[in-house]
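In case you want the letters, here they are:
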Amino acid sequence: MQFALNEDQVAIRDMALAFAAEKIAPHALRWDEEKHFPVDVMREAATLGMGGIYIRDDVGGSAMTRFDAALIFEALATGCPTTAAFISIHNMASWMIDAYGSDTQRHTWLPKLCTMELIASYCLTEPGAGSDAAALRTRAVRDGDHYVLNGQKQFISGAGGTDLLVAMVRTGGDGPGGISTLVIDGNTPGVSYGANERKMGWNAQPTRAVIFENVRVPVANRLSEEGVGFKIAMAGLDGGRLNITACSLGGAQTALDKARAYMKERKAFGKRLDEFQALQFKLADMAIELEAARTFLWRAAAALDRKDPDATMLCAMAKRFGTDAGFEVANQALQLHGGYGYLSEYGIEKIVRDLRVHQILEGTNEIMRLIVARKLIEGAR
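Let me begin by describing the structure that accompanies this report.

1. Let's talk about helix α8 (residues 277–306)
Right, on to step 1. When the terminal C-alpha atoms of α8 are compared, their 43 Å separation across 30 residues agrees well with the 44 Å that a helix rising 1.5 Å per residue should span.
Right, on to step 2. Leu283, Met286, Leu290, Ala293, Arg294, Leu297, Trp298, Ala300, Ala301, Ala302, Ala303 and Leu304 are the residues of α8 that are buried.
Right, on to step 3. Contact partners of the buried residues in α8: α4 (66–77), α7 (229–265) and α9 (311–336).
Right, on to step 4. In the segment just after α8, Lys307 is the residue with positive phi, at about 60 degrees.

2. Observations concerning the pairing of strand β2 (residues 139–143)
Right, on to step 1. Bridge count for β2 against strand β3 (residues 146–157) is five bridges, and the pairing is antiparallel. Residue pairing across strands places Arg139 opposite Asn150, the latter belonging to β3.
Right, on to step 2. Hairpin connection of β2 to β3: two residues between the antiparallel strands, including Gly144 at a positive phi of 65 degrees.

3. A few points about the pattern of salt bridges
Right, on to step 1. This structure, assessed with the given rule, holds 23 salt bridges.
Right, on to step 2. Two residues, Glu74 and Arg294, come together in a salt bridge whose shortest N-O distance is 2.7 Å. Pair noted here: Glu74 is in helix α4 and Arg294 is in helix α8, with a separation of 220 residues, a long-range link.
Right, on to step 3. For Arg294, a relative accessible area of 10% gives the class buried.
Right, on to step 4. Notably, a salt bridge pairs Asp310 with Lys375, separated by 3.7 Å at the nearest N-O pair. Taken as a pair, Asp310 in the loop between α8 and α9 and Lys375 in helix α11 (residues 365–380) lie far apart in primary sequence, 65 residues in all.

4. Some details on the nonpolar core
Buried together is how nonpolar side chains tend to be arranged in soluble globular proteins.
Right, on to step 1. One finds Leu76 and Tyr122 to be the most contacted residues of the largest nonpolar core, which totals 99 residues.
Right, on to step 2. With 14 residues, α7 is the largest single contributor of residues to this core.
Right, on to step 3. Ignoring any residue separated from it by four or fewer positions in sequence, one finds Tyr122 in contact with Ile89, Met92, Met96, Ile156, Val166, Met168, Ala233 and Leu237.
Right, on to step 4. In terms of nonpolar packing, the next biggest core, distinct from the first, is built from 17 residues, Ile156, Val215, Val217 and Val219 among them.

Reading the values: the criteria
Residues numbered from 1 in each chain as written. Predicted model: local features only at pLDDT ≥ 70, side-chain atom pairs only at ≥ 80, totals over all residues. Heavy atoms only, no water. Helix = DSSP H or I, 4+ residues; strand = E, 2+ residues; numbered from the N terminus. Expected span 1.5 Å × (residues − 1). Buried < 20%, exposed > 50% of the residue type's maximum accessible area, 1.4 Å probe, protein only. Contact = heavy atoms within 4.5 Å. Pairing = 2+ DSSP bridges. Salt bridge = Lys/Arg side-chain N within 4 Å of Asp/Glu carboxyl O. Core = buried A, V, L, I, M, F, W, Y, C linked by side-chain atoms within 4.5 Å.

Right, dumping it as structure tokens:
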């Protein structure tokens, strides 16, 4: 386990930081206000290798590690957690094709996914199947060399603005063993989309329901065998949990930096805010929480790269700890700004709104505790 970055990792992080500062941060407040999905900027990020971070290089991927990805997503999120998070989701969906797809499938879709000429959405959640994902009901019935799909997905990031839907559907009986994964063209006849949801945060990416009505999808678009879709979905989420944690830390770091700068300028009772010991202690605690979460994230990312037996548990631990810490640090940064932190022009309230959902998606933090508890109980037997 390392506690310092090597030259290559510093270069990767600095590249992503520079991109965030130049291409993302200056526009983040406007994108949030206008609900603008910055596809053009994400494609610019892809030219730097961020469209297929841990995709193999034979199909145009960057072939980097999960550790590298954690550095990249934290850096991108310093500019806008929402934009960074969507690039993460695209990478997660693309990785599922890379890891479980046939050679033909990989070469069909991944070259354009890595450039983000094609953009992917991850489709697992349904109106009646959130935390209990194995209860999903979207049904795919075999009809010759096609499946016929009927059902609905809910809270799908990018839906209506993406090209491919990597969807978990039921091809067999109840439970996880009846689930398969299909790659679906988002413009296939019978695919429709709900209204863009009105959300607390994450406004720079659309969130819609995806409705399937007698949608015909080639059997050739199925990843791996029937019945392994739930395994594929959960494997994708291990990395997704690391990425969303990294996005929390990047957003929180920006909030902390804004608070430090504000406290140097703002005066009360004849002193700068950063001269009050009580507020100094608060800043210190915020920095400690972020550094602890970052160290935990690096530990979990290294474990996933090694395919450590405890990697899933460590990813769940890091996600619970890091997304809670990130939100709390951002919320405290708002508090340190007083009333100004509540105003949109200071950029703090947007970060608080964006980071709140990180405690819910990629598995709620209650489910993260459940994953950890099950592992501990199994290990005690």
